[in-house]
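One letter stands for each residue in the lines below.
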Amino acid sequence: MPASYTGRCNCGAVTAVIDAEPLWVRQCWCRQCQKIAAGSATNNALFMTEAMTIAGEIAWASYTADSGNTVEQGFCPNCGTHILGRNSARQRANVVRLGFLEGPHELGPQSAIWLEEAPAWAAINPEIETFLRQPAPPQRPDRTEN
Ligand SMILES: [Zn+2]
Ligand SMILES: [Zn+2]
């Protein structure tokens, strides 16, 4: 039986059920993530989109990443909770913000990226893999940046 995760924004207008394990869970300290995460990192679980059932309206903001890819940040237009991240280079999988997922669950970051842009006070788990910037280009199209 596959894993099942549920998600809910702060106001409850957006909910989700995800019937899969994530491909990875990663923490991102890039400046764009700091903007949406109140100065800290985002924590992101990559799931295949086919495993996600989302109810409610999501608003999207987009920017062009250093890679040239278009990154879209999805959030609840009512309460502002960040829900999803999409990347034009990764069509079949989206990241889900860990804060959107309801607990309890065992998910936590296995790696941290963009340490080059992290603030001096950032406390990063010494037991996880870290990257100064984006990890090397992926071998699979579903393993790219957040
Ligand atoms: Zn909401
Ligand atoms: Zn980021």
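Structure shown above.
Conventions we followed
Residues numbered from 1 in each chain as written. Chains lettered and ligands numbered in written order. Predicted model: local features only at pLDDT ≥ 70, side-chain atom pairs only at ≥ 80, totals over all residues. Heavy atoms only, no water. Pairing = 2+ DSSP bridges. Helix = DSSP H or I, 4+ residues; strand = E, 2+ residues; numbered from the N terminus. Axes fitted to C-alpha atoms, helices over the stretch in contact; angles between N-to-C directions. Core = buried A, V, L, I, M, F, W, Y, C linked by side-chain atoms within 4.5 Å. Buried < 20%, exposed > 50% of the residue type's maximum accessible area, 1.4 Å probe, protein only. Phe/Tyr/Trp six-rings, centres within 6.5 Å; stacked < 30°, edge-to-face > 60°. Lys NZ or Arg CZ within 6 Å of the ring centre and 35° of its normal.

Trainee: Help me get a handle on the sheet that holds strand 1 (residues 5-8), residues and values and all.
Mentor: The three strands lie next to each other as 1-2-5, forming an open sheet whose pairing is antiparallel. With one partner strand each, in any of the chains shown, strand 1 and strand 5 (52-55) form the two edges of the open sheet. Put simply, the sheet's adjacent strands are angled 10° from each other on average, direction ignored. Where strand 2 (residues 15-18) and strand 5 come together, four bridges link them in antiparallel fashion. Counterpart to Val17 in the pairing with strand 5 is Thr53.

Trainee: Before we move on, can you summarise the nonpolar core with the specific residues and values?
Mentor: Of all hydrophobic cores here, the largest spans 21 residues; its most connected members are Ile18, Phe47, Val96, Phe100 and Leu101. Those elements that provide at least two residues to this core are strand 2, strand 4 (42-48) and strand 8 (82-87).

Trainee: An account of unusual backbone geometry is needed here, citing residue identities and associated values.
Mentor: Residue Pro104 follows Gly103 across a cis peptide bond; omega there is -5°. Relative to the helices and strands, Pro104 resides in the loop between strand 9 (90-97) and strand 10 (111-113). Unusually for a residue other than glycine, Ala38 sits at a positive phi of about 60°. Following the sequence through the fold, Ala38 ends up in the loop between helix 1 (31-36) and strand 4. By relative accessible area, which is 80% here, Ala38 ends up exposed. For Trp114, which is not a glycine, the phi torsion comes out positive at approximately 60°. Tracing the sequence through the fold places Trp114 in the loop between strand 10 and strand 11 (129-130). For Trp114, a relative accessible area of 9% translates into the label buried.

Trainee: A description of the packing of aromatic side chains should follow, citing residues and the corresponding values.
Mentor: Inspection of the entire model under this criterion finds two aromatic pairs. Centre to centre, the rings of Tyr5 and Phe47 are 5.8 Å apart; their planes meet at 55°, and the pair counts as tilted. Highlighted residues: Tyr5 in strand 1 and Phe47 in strand 4, separated in sequence by 42 residues. Pair check on accessibility: Tyr5 and Phe47 agree, each one buried. With centroids separated by 6.2 Å and ring planes inclined at 75°, the aromatic side chains of Trp29 and Trp121 adopt a geometry described as edge-to-face. Here Trp29 is found in the loop between strand 3 (24-28) and helix 1, whereas its partner Trp121 is found in the loop between strand 10 and strand 11, with 92 residues between them in sequence. The ring of Trp24 carries Arg26 above its face, with NZ or CZ at 4.1 Å from the centroid. Over the ring of Trp60 we find Arg86, and its NZ or CZ is 3.5 Å from the ring centre.

The values reported here are purely geometric and, on their own, carry no functional implication.
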